[in-house]
Structures are given as structure tokens and as C-alpha cells.
Amino acid sequence: MTIGSNVTTFAGLPVRRFEVGPRGRRDSPRRGEKAAWRIGVGYDDGPQDFADTLDALLDSVGAHNITALVIGAWGEPHDSGPPLNLLTAARDRLTELRALFVGEMTYEECEISWINQGEYAPLLGAFPALEVLHIRGADGLGLAPVRHRRLRELCVESGGLPASFIRGFTDSSFPALADLELWLGTREYGGDAVVDDLAPIMTGTELPALKRLALRNAEIADDVATALAAAPVVARLESLDLSMGALSDAGAEALLLGQPLTHLRSLDLSHHFMSPELAARFAEELPGVRVDVSDEQDIDEGGFRYVSVAE
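Bear in mind that the values here come from a model prediction, so they are computed numbers and not experimental data.

K.L.:
Just checking my understanding: could you explain the sheet that holds strand β12 (residues 290-292) for this structure?
P.N.:
Sheet strands pair by backbone hydrogen bonding; their relative direction is either parallel or antiparallel. Here we have twelve strands laid out as an open sheet, ordered β1-β2-β3-β4-β5-β6-β7-β8-β9-β10-β11-β12, and mixed in their pairing. Only two strands of the sheet have a single partner each, and these edge strands are β1 (9-10) and β12. As judged from the four bridges shared by strand β4 (residues 68-71) and strand β5 (residues 99-102), these two strands associate in the parallel manner. What sits directly across from A68, in β5, is A99.

K.L.:
Please clarify how helix α7 (residues 249-257) should be interpreted in this entry.
P.N.:
Listed in full, the buried residues belonging to α7 are G251, A252, L255 and L256. Down the axis, α7 shows its buried residues gathered within 135° of arc, on one side only. Among the exposed residues of α7, those pointing more than 90 degrees away from its buried face are A250 and L257. In this structure, the buried residues of α7 make contact with α6 (221-228) and α8 (276-285).

K.L.:
What am I meant to see in the packing of α6 against α7 here?
P.N.:
Any two packed helices are characterised by the angle at which their axes cross and by the distance between the axes. Interaxial distance between α6 and α7 falls to 8 Å at its minimum, and their mutual angle equals 10°. In terms of axis orientation, α6 runs roughly parallel to α7. Only A250, G251, A254 and L255 of α7 make contact with α6, whose side of the interface consists of D222, A225, T226 and L228. For the contact of α6 with α7, the residue count by class is five nonpolar, two polar and one charged.

K.L.:
Where do I start with the environment of R212 in this structure?
P.N.:
Looking at the secondary structure, you find R212 in strand β9 (residues 212-218). Once you skip the residues sitting within four places of it in the chain, R212 turns out to touch A178, D179, L180, E181, L237, S239 and D241. Here the side chain of R212 touches D179 through a polar contact of 2.8 Å, side chain to side chain. A distance of 3.0 Å separates the side chain of R212 from the side chain of E181, its partner in a polar contact.

K.L.:
Any chance you could explain the packing of aromatic side chains here in plain terms?
P.N.:
Working definition: an aromatic ring pair is given by the centre-to-centre distance plus the angle between the planes. Under the definition given, this model contains three aromatic pairs. Each ring, one from F10 and one from F101, has its centre 5.7 Å from the other, and the planes form 50°; the classification is tilted. Here F10 is found in strand β1, whereas its partner F101 is found in strand β5, with 91 residues between them in sequence. The exposure classification of F10 matches that of F101, with both residues buried. Centroid distance F169 to F174: 5.4 Å. Interplanar angle 15°. Geometry classified as stacked. For the pair F169 and F174, a shared accessibility class is recorded, and that class is buried.

Calculation criteria
- Residues numbered from 1 in each chain as written.
- Predicted model: local features only at pLDDT ≥ 70, side-chain atom pairs only at ≥ 80, totals over all residues.
- Heavy atoms only, no water.
- Pairing = 2+ DSSP bridges.
- Helix = DSSP H or I, 4+ residues; strand = E, 2+ residues; numbered from the N terminus.
- Buried < 20%, exposed > 50% of the residue type's maximum accessible area, 1.4 Å probe, protein only.
- Arc of directions from axis to C-beta.
- Contact = heavy atoms within 4.5 Å.
- Axes fitted to C-alpha atoms, helices over the stretch in contact; angles between N-to-C directions.
- Parallel < 35°, antiparallel > 145°, perpendicular 65-115°, else oblique.
- Nonpolar A, V, L, I, M, F, W, Y, C, P; charged D, E, K, R; others polar.
- Polar contact = N/O pair within 3.5 Å; in protein donor to acceptor, adjacent residues only side chain to side chain.
- Phe/Tyr/Trp six-rings, centres within 6.5 Å; stacked < 30°, edge-to-face > 60°.

Written as C-alpha cells, this is what we have:
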């Protein structure tokens, strides 16, 4: 899988690009338009260009009308972190912001593992009413322990998610979080987490509202599947997603032999290295569950299994 096209919807809203045209002309929004507004600047632009574009958006659309914001390129995304400080500084204007996507770039703009991120605790503290946070890229990504009462959806896309971020997440409190999606990635690109780092997520004690758990794009997919086979959190999930990873017969067998999965609405194991026979068993043994075992991969000559998204 490559991240080759920009999103067209976000947080249930159509994405509309906001751009400052030639000689400062601003593209005007339609009156009363509901959209997730996307802003970004060119690769050679600098921080001031992004700041000016953000100011133009807030002035033209009206900051109080913005409920969802999508941040594309902010100049040189592999050299400097995202302008989280600008968003934090605008918190008194962005009073209705409920959904935020930071790093929404295609591979043509910046490969996912070269997107330099930042520390997100101050931003979460600045927006206590935020409900959806989507982050792409994990180089330099941090999360100091924070308590946030309203966040219900968190997604971090990466080619390698640092264990330090996972530990920051598990040391935090998100009592409303219903949907958690983490792309664990590979050690080669900074994904140094081991399954023990995920233990607090597996118990689910501090995630009382969790209904969807997606531990995707994982080099350690077999270890994750084996741990989930006995993880208390699974019993109250509606959806479990281990797609895009290096799942083999070893992890799949452990998952099938573990606790019942018949209560799930969906189980996504697509992009996998299971044998056809074992993959078929999931559909046979879970007839009431939407099971996806598509996109079977071939182990290469060196016995290597690979994730869907790395660099």
C-alpha cells in the first residue's frame, strides 16, 4: 500500500482545500458551507507562509465556523515539526474545533516515515473539546501523559511508531476513546515497540469506552495476535483490525485457539501471510462476523514478511 491520494472526507465532512491564490486572492467559501478545511503550503515555503495561510483561513471562513481542520504540508515536513504552536495559539478563535488531522500528505509530498511530528500533549490540553485526532508520520512524535475527557477517536499512521509514544498514551487518560488505531510499523523506521508496551491497551482498564481496536501495519503482528487471544479488552470490542501487517499462521492459529471472537461485528486481517487453509478457517468459524482475509502476500526467498507501509 502507498499513501498516494489525499483524503476526500474527514470526520464525516467533505474535505475542501483552502488556498491563497495569485497576488493574495483568497478562494472564498460558500456561505454556510460545512466542510473539513484543508490547508497546506509548498515544499519550498517556510513557517511564515503557513502562518499566513492559516490566518487567511480563519479570517475568510470564520474561525468559529471551523469544526474540522486538515493540515497538509507545512513547508519542509522532514526538517521541522508541524506548526502545533500556531494551532495552540489560535485556541481562543477555534472554539468549535472538534476534529484535527495533522500530516495529511501523500508519498509524493513526503514519505510517511520522513514526516517530522511533534509533542501533542499541549495541543490536547488547548482543545479540551476535541473529539477526533488523526496523525500521519511518527518521526519525533511525542505524547506526555495527559488527561482528555472528550477525545473519542485517535489514529496514528506510521511506518514505525516509537514505543515512547505508546507509553505516553498508556500513561494518559482517555475515558471517552471509542476508536483507537495505531500503525506499529517496523523497527527499521522507528517502530521499536514490543507487545509488552501494548499491555495496558490489551487489558482495557483505562479505556472503558473502547469499541474498535486497530493495531495495523505491524511487523510484530504474530506477537500482537497471540497477546490478543487472551486480552480482556477483546470481549467488549465490536471491531478488531490487524490488517496491513506481517501476520502468519503462527499468530493466526493463536488467535483462533484463544477466546471467542463470535461477538465481533468485523475482523480485518487483510494483507497477511497466512496459508489459504488457515485464512479460510476464520470465515468458517466466525460465520456471523465480517471477516476480511483478502490481499494474501507471498513470503520472499529470504523468508521475509513485510508490512504494507514502511518508508
